[in-house]
Each structure stands twice: as C-alpha cells, then as structure tokens.
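As a plain string of letters, each chain reads:
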Amino acid sequence: SRLAGMLHSPTFLVGTEKQRGILDDFQRRDQHFSEEYQTNKPLCFSARSFQKTHPGKSKDHKDADATVASPMLLGVADGVSQLEAFGMDASELPNELLRSCELLGMSQLIPDQPVNPPYAYRGPVSLLKEAY
C-alpha cells in the first residue's frame, strides 16, 4: 500500500566490465582464504551429557552413575547403586573418579603445553589408573 505510489527508476551501471573484474578477483581471493581456512581449521570437541535414572531404580536407589564432559574429555562411570544397602554413597566413587580424570586430562591434553614426560598422556587406560 505504501509502496504503491513509488515509482521504479532504472539502474545505471557505470564501468560494468571493470566492476565485474574486481568482483571476480574478490571472489577468487575469498575462495582461496576459505579453502585455506578449511584445510588448516583447528578441531573442536564440544560435548554434553544427559542422565536419566532407570524408572525401576528411581524409587529405591539414588542415581549412582556419573558423567563428565569437558573440552578435552568425555567420561561415563557406572555406579553400583546396590552399595546403598551397606550404608555407602554409591555415587561417591564414580563422581570422584571422573573429577580426577578431568583434572588429569586437562593437564595432559592441552595442546602446546609443556608436560613432564612421566605426566604425559599415555592413553585412556593409563589416565584412569592414575586417576584411581
């Protein structure tokens, strides 16, 4: 309605061949930078976790499982909820173990960080043993 009264004016292009050449050069240069970035693009690890207690266990037991999601590590520890029958907190070991794994993992896996050879990352099993 508001645009109905407006008239369309023709577009005048000045030096179209020169402009087309500049645009082509820009697109080639931009494509080159994009390809170079994709080739040398740093990797990124982004993780999340979600826990839901089994409906059959939620009535009798506290959730004893634990997860950790950090920039360098993803971990899952399955707790033994039957330990509650002996008066023990079944979630204590899995949570403590994963916290320790996260601290070790962050200190060992950060790129370009100087690490003493005895404390260098040697794989998930070694990390878990050291955390325990």
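Note that the coordinates shown come from a computational prediction; the quantities given were computed from them, not determined experimentally. (Residues numbered from 1 in each chain as written. Predicted model: local features only at pLDDT ≥ 70, side-chain atom pairs only at ≥ 80, totals over all residues. Heavy atoms only, no water.)

A. The arrangement of the overall build of the protein in detail. Assigned secondary structure in the protein consists of four helices and two strands. Reading the protein from its N end, one meets helices and strands in the order α-α-β-β-α-α. For the protein, buried positions account for 17% of its 132 residues. For the protein, restricting intrachain contacts to residue pairs at least 6 apart in sequence, the fraction spanning at least 24 positions comes to 46%. (Helix = DSSP H or I, 4+ residues; strand = E, 2+ residues; numbered from the N terminus. Buried < 20%, exposed > 50% of the residue type's maximum accessible area, 1.4 Å probe, protein only. Contact = heavy atoms within 4.5 Å.)

B. Broad picture of the environment of A69. With respect to the helices and strands, A69 occurs in strand β1 (residues 66-70). Given the relative accessible area of 33%, A69 is considered partly exposed. With 33 residues separating them in the primary sequence, A69 and E102 have C-alpha atoms 8.4 Å apart. Contact partners of A69, with chain neighbours within four places excluded, come to A47, R48 and L74.

C. A look at the nonpolar core. Within the largest apolar cluster, ten residues are counted, these being A66, V68, L73, A77, L97, L98, C101, L104, L127 and A131. Contributing elements (two or more residues each) for this core: β1, β2 (73-77), α3 (92-109) and α4 (124-131). Considering every element that reaches this core, the biggest residue donor is α3, with four residues. Dropping the residues within four chain positions of it, L127 is found in contact with L73, C101, L104, G105, Q108 and Y121. (Core = buried A, V, L, I, M, F, W, Y, C linked by side-chain atoms within 4.5 Å.)

D. Quick look at the confidence of the model for the protein. Residues at a pLDDT of 70 or more form 75% of the protein, whose mean pLDDT is 77. Across the protein, element-level confidence peaks in α4 with a mean pLDDT of 91 and bottoms out in helix α1 (residues 16-39) with 68. (pLDDT = per-residue confidence, 0-100.)

E. The arrangement of α3 in detail. Between its first and last C-alpha, α3 extends 25 Å over 18 residues, near the 26 Å set by a 1.5 Å rise per residue. All buried positions along α3 are accounted for by P94, L97, L98, C101, L104, G105 and Q108. Angular distribution of buried residues about the axis of α3 spans 130°; they occupy a single face of the element. For α3, the elements touching its buried residues are β1, β2 and α4. (Expected span 1.5 Å × (residues − 1). Arc of directions from axis to C-beta.)

F. The arrangement of the side chain of S91 in detail. With respect to the helices and strands, S91 occurs in the loop between β2 and α3. Within the structure, the side chain of S91 is placed 2.8 Å from the side chain of D89, a separation counted as a polar contact. In this structure S91 touches K62, D63 and A64, once residues within four positions along its chain are discounted. (Polar contact = N/O pair within 3.5 Å; in protein donor to acceptor, adjacent residues only side chain to side chain.)

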